[in-house]
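Structural overview for review
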There are 2 protein chains.
Amino acid sequence: MTENIHIGQNALQQLTDLLQNRAFSKVVVLVDENTLLHCYPQLKKHLPEHQLIQIKSGEENKTLQTCAYIWQQMTSFNLDRWAVLVNLGGGVIGDMGGFCAAVYKRGIYFVQVPTTLLSQVDASVGGKTGIDFHGLKNHIGVFKEPRAVIIDPAFLQTLPDRQVKSGYAEIIKHWLIEDGAKFEEQRQVGLLSADWEALIPHSVAIKERVVAADPLEGGYRKVLNFGHTVGHAIESYLLEKPGRELLHGEAIAVGMLCETWLSVKKGLLSQQELDRIETFLLTVYEKVKLNNEDLADIAAWALQDKKNSKSTINCTLLKKIGQAVYDQPVTLAEIQESLRYYQLL
Amino acid sequence: MTENIHIGQNALQQLTDLLQNRAFSKVVVLVDENTLLHCYPQLKKHLPEHQLIQIKSGEENKTLQTCAYIWQQMTSFNLDRWAVLVNLGGGVIGDMGGFCAAVYKRGIYFVQVPTTLLSQVDASVGGKTGIDFHGLKNHIGVFKEPRAVIIDPAFLQTLPDRQVKSGYAEIIKHWLIEDGAKFEEQRQVGLLSADWEALIPHSVAIKERVVAADPLEGGYRKVLNFGHTVGHAIESYLLEKPGRELLHGEAIAVGMLCETWLSVKKGLLSQQELDRIETFLLTVYEKVKLNNEDLADIAAWALQDKKNSKSTINCTLLKKIGQAVYDQPVTLAEIQESLRYYQLL
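Rules used in this analysis
- Residues numbered from 1 in each chain as written.
- Chains lettered and ligands numbered in written order.
- Predicted model: local features only at pLDDT ≥ 70, side-chain atom pairs only at ≥ 80, totals over all residues.
- Heavy atoms only, no water.
- Helix = DSSP H or I, 4+ residues; strand = E, 2+ residues; numbered from the N terminus.
- Rg over C-alpha atoms; globule rule 2.2 N^0.38 Å.
- Buried < 20%, exposed > 50% of the residue type's maximum accessible area, 1.4 Å probe, protein only.
- Lys, Arg positive; Asp, Glu negative; His and termini not counted.
- Charge placed at Lys NZ, Arg CZ, Asp CG, Glu CD.
- Arc of directions from axis to C-beta.
- Contact = heavy atoms within 4.5 Å.
- Domains from an automatic or database assignment.
- Buried area = accessible area lost by both parts, 1.4 Å probe.
- Salt bridge = Lys/Arg side-chain N within 4 Å of Asp/Glu carboxyl O.
- Polar contact = N/O pair within 3.5 Å; in protein donor to acceptor, adjacent residues only side chain to side chain.
- Nonpolar A, V, L, I, M, F, W, Y, C, P; charged D, E, K, R; others polar.
- Phe/Tyr/Trp six-rings, centres within 6.5 Å; stacked < 30°, edge-to-face > 60°.
- Pairing = 2+ DSSP bridges.
- Axes fitted to C-alpha atoms, helices over the stretch in contact; angles between N-to-C directions.
- 1 Å grid on protein atoms, 1.4 Å probe; cavity = no way out; pocket = protein on both sides within 12 Å on 5 of 7 lines; lining within 4 Å.
- Points joined across faces, edges and corners; volume = space filled by probe spheres on them.
- Least-squares fit on C-alpha atoms with pLDDT ≥ 70 in both.

From N to C terminus, chain A includes 14 helices and 10 strands. Since a compact globule built from 345 residues should have a radius of gyration of about 20 Å, the 20 Å found for chain A is in line with a globular shape. If one aligns the C-alpha atoms of chain A with their principal axes, the spans along those axes are about 60 × 40 × 35 Å. Relative to its 345 residues, chain A shows a buried fraction of 57%. Across chain A, the 35 positively charged side chains and the 40 negatively charged ones have centroids separated by 4 Å.

Attention shifts here to helix α1 (residues 11-21) of chain B. All names here are of chain B. Buried residues of α1: Ala 11, Leu 12, Leu 15, Thr 16, Leu 18 and Leu 19, and no others. An end-on view of α1 places all buried positions within 165° of arc, on one side of the element. In this structure, α1 carries Gln 20 and Asn 21 as exposed residues pointing more than 90 degrees from its buried face. As for α1, its buried residues are in contact with β1 (5-7), β2 (27-32), α3 (40-44), β4 (84-89), β5 (109-114) and β8 (148-151).

Accessible area lost upon the coming together of the parts is a frequently used measure of interface size. Residues and elements named next belong to chain A. Annotation of chain A at the domain level lists domain 1 (5-158) and domain 2 (161-343). Taking only C-alpha atoms, the centre of domain 1 and the centre of domain 2 are 27 Å apart. Listed per partner, the contact involves 18 residues of domain 1 and 24 residues of domain 2. Carbon and sulfur atoms supply 69% of the area buried between domain 1 and domain 2, which totals about 1,800 Å² over both sides. Counting the surface domain 1 buries against domain 2, the share from its top three residues, Leu 117, Leu 118 and Val 121, is 31%. The interface formed by domain 1 and domain 2 contains two salt bridges. Across the pair Asp 122 and Lys 207 runs a salt bridge, and its minimum N-O distance is 2.9 Å. Applying the counting rule to domain 1 against domain 2 returns three residue pairs in polar contact (both at pLDDT 80 or more). If one sorts the elements of the side of domain 1 that touches domain 2 by residue count, helix α6 (residues 117-123) sits on top with five residues. A breakdown of the residues in the side of domain 1 that touches domain 2 according to their chemical character gives 11 nonpolar, four polar and three charged.

As a further point, take the packing of aromatic side chains. Evaluation of the coordinates by the stated rule reveals 18 aromatic pairs over all chains. Consider the rings of Phe 133 of chain A and Trp 71 of chain B, whose centres lie 6.0 Å apart with planes at 80°: the pair is edge-to-face. Of this pair, Phe 133 of chain A sits in strand β6 (residues 131-133) while Trp 71 of chain B is found in helix α4 (residues 64-76), placing the two residues in two different chains. Residue class for Phe 133 of chain A comes out buried when judged on its relative accessible area of 5%. Centroid distance Phe 24 of chain B to Tyr 109 of chain B: 5.5 Å. Interplanar angle 75°. Geometry classified as edge-to-face. With Phe 24 of chain B in the loop between α1 and β2 and Tyr 109 of chain B in strand β5, the pair connects residues that are 85 residues apart, well separated along the chain.

What follows covers the sheet that holds strand β3 (residues 51-55) of chain B. All names here are of chain B. Reading across the sheet, the six strands line up as β1-β8-β5-β4-β2-β3 and stay open at both edges, with parallel pairing between neighbours. What marks the edges here is a single partner per strand, and that holds for β1 and β3. With strand direction ignored, the average angle separating the axes of adjacent strands in the sheet is 20°. The pairing of β2 with β4 spans four bridges and is parallel. Each bridged residue has a counterpart across the sheet, and for Val 29 the counterpart in β4 is Val 86. Against the sheet, α1 touches β1, β2, β4, β5 and β8, its axis set at about 150° to β8. Against the sheet, helix α9 (residues 196-213) engages β1 and β8, with an angle of about 160° to β1.

Turning to empty space enclosed by the protein, a few remarks are in order. All names here are of chain B. Scanning the model with the defined rule gives six cavities of 30 Å³ or more in all. Of the pockets and cavities examined, the largest cavity occupies roughly 70 Å³. Forming the walls of the largest cavity are Asn 87, Gly 89, Gly 90, Gly 91, Gly 94, Asp 95, Gln 112, Val 113, Pro 114, Ser 119, Ala 123 and Ser 124. For the lining of the largest cavity, the secondary-structure elements that each account for two or more residues are β4, α5 (91-103), β5 and α6 (117-123). In the lining of the largest cavity, the residues fall into three nonpolar, eight polar and one charged.

On to the interface of chain A and chain B. With 28 residues of chain A at the contact, the number on the chain B side is 28 residues. Carbon and sulfur atoms supply 62% of the area buried between chain A and chain B, which totals about 2,500 Å² over both sides. Seen at the junction of chain A and chain B, the total is zero salt bridges. On inspection of chain A and its partner chain B, the count reaches eight residue pairs in polar contact (both at pLDDT 80 or more).

Right, let's talk about the side chain of Glu 259 of chain A for a bit. Residue and element names in this part refer to chain A. Counting through the fold element by element, Glu 259 comes out in helix α11 (residues 248-265). A relative accessible area of 0% means that Glu 259 is categorised as buried. At 3.1 Å, the side chain of Glu 259 forms a polar contact with the backbone nitrogen of Thr 229. One polar contact links the side chain of Glu 259 to the main-chain amide nitrogen of Val 230, over a distance of 2.8 Å. Leave out the neighbours within four places in its chain, and Glu 259 touches Asn 225, Phe 226, Gly 227, His 228, Thr 229, Val 230, Gly 231, Cys 315, Thr 316 and Leu 317.

It is possible for side chains of opposite charge to pair when their charged atoms get near one another. Throughout the structure, instances matching the rule amount to 28 salt bridges over all chains. The partner of Lys 62 of chain B in a salt bridge is Asp 95 of chain B, with the nearest N and O atoms 2.8 Å apart. With Lys 62 of chain B in the loop between β3 and α4 and Asp 95 of chain B in helix α5, this residue pair connects regions lying 33 residues apart in the sequence. As a salt-bridge pair, Glu 178 of chain B and Arg 209 of chain B come within 3.1 Å of each other at their nearest N and O atoms. Residue Glu 178 of chain B is located in helix α7 (residues 161-178), and its partner Arg 209 of chain B is located in helix α9; the two are separated by 31 residues in the primary sequence. Classification of Arg 209 of chain B by relative accessible area gives partly exposed; the value is 48%. Connected through salt bridges with shared partners, the residues Glu 59, Lys 62 and Asp 95 of chain A form a single ionic network.

So, about the relation of the copies chain A and chain B. Once chain A has been moved 0.1 Å along the axis and rotated by 180°, it coincides with chain B to within an RMSD of 0.1 Å. The superposition of one copy onto the other is thereby described by a two-fold rotation axis. Most of the interface of chain A is mirrored in chain B: 100% of its interface residues are interface residues there too.

Structure (structure tokens):
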């Protein structure tokens, strides 16, 4: 584990130490209405004198306009280059707060305190910051490492079950691409008996290993996209269907199933392995209802979204449980077939 | 000279080579109405197929709003991460174009083609990018090195004399802080016989040396602020007085004179050296008229602008011609006195 990541019951105490030992000129905490209510009271005990910036929760607020508000607040607090911004929240707060800090006066320190399972195992590692622009996810941003990542699994108790399940999908993905033995062990344990104190560091370590091998996403880091080609298309497509929206991890779970099927179809993976993954995913995640009209639209979305040439898209597939291969071309028709397979399960 | 800086008659040819040898996915050129008219026809001959983004010239357009327009254009051209943005213009185009490229999809390549003397010897070296925010200069930005800097002195022929004089002030500053012999030599030569082909590389090399010693402006780089404490205050103050606005370099010339006087007053510099600098600056630059009411306001501006504690401000002064010292405290009263000295010249 990199030395700037602190996980466990003592993580917040390590934040206290960091803020005390370093002479930051000012401390500012970025929250939304949820983390203000559920997480800030706990965090507060570990902070020196500080100021708050509150924004509205939700991906729809991850915009330049919200950044302008955050910068305005930072300016009104007279923050200089030696100030630190503490981002308390899920992916939106972390990505956007990280970006705002990275470009304020050409860069001040920031600390990530992820409060959702998804952001604890995924968003807080890898130095990606960013905001959405004209509906394009993370279109504007920078690579910048936080000064520290503070992961306290106790925050998960403040989350609805659906949110926990969503984050769990990224953990499963990490097993499938990098640690087959762990998948085997944990599919027996299941979600309800999951030991987050142990699973989070394991999952963060996998992500760190992958990112360290390819920090700027030139090649190998693409294995992290497993489940995301189809998953992201479903997520985006259903976002525009009121009442049918999925959480990120719920969409990725469908995507992983489809892309596992594609792996078999391409002769990379065995039918047996597909069965094991399928059984596990369907135990954890309710099946998402897709009708016939949806299938072609979702497949088209996957292509369009990545602006791939012609009718193929490069996808990350599984070679075996615990090993992924990236840049595997799949066609529009194959993606649609994989969705059909899912639909008929 | 760093290998990514190309200066001289062949610089544009080196841009052609760079764009041909590297497989950039797309080339986009950022211009304003002036560089489109006066510089783009020359640049165009050296470019492969490309697209144009045009913005309005002027510091008042160096805003988040203009960035949003640039990003929108970049998006409409489907630029991916392997595209390159060529910034053709002065400081505004370079700073803002650099920033837009540095955060688009978490960073694409950019090339600076500075077209004013000021940006050729100053803005294009040092990796600073940024935009103004709520009237605060370069408040939002990042440190990011361009892929290349292409400096063609031929572009200076498109500039009004006043603009050339303005850039010359930064060249003089470089001599005063780092190369006393060059100052001695050039004060005999004067502006009209200045050999830009030789002076620009010399000046860029000084700036590079200073920046290399302190890339993130922690200490030594502050010597580049010589003339800027008082100069920037005058520039900002007169910006709000219609008809009295100064170009950046014109204000810095006044600032250098005041701060040279402060250097003598603090016992750092000899009266003789002040005389030499004063004679030279007053030969090149017309005296700026300041009335009694201006003096206190300008001094107050210098303090307020830097948000310094109490009534002192850290200033860069001269120890001798060719050597600067940074972090020298001066008081509001002393700044006002230096302005009075200038006023009575």
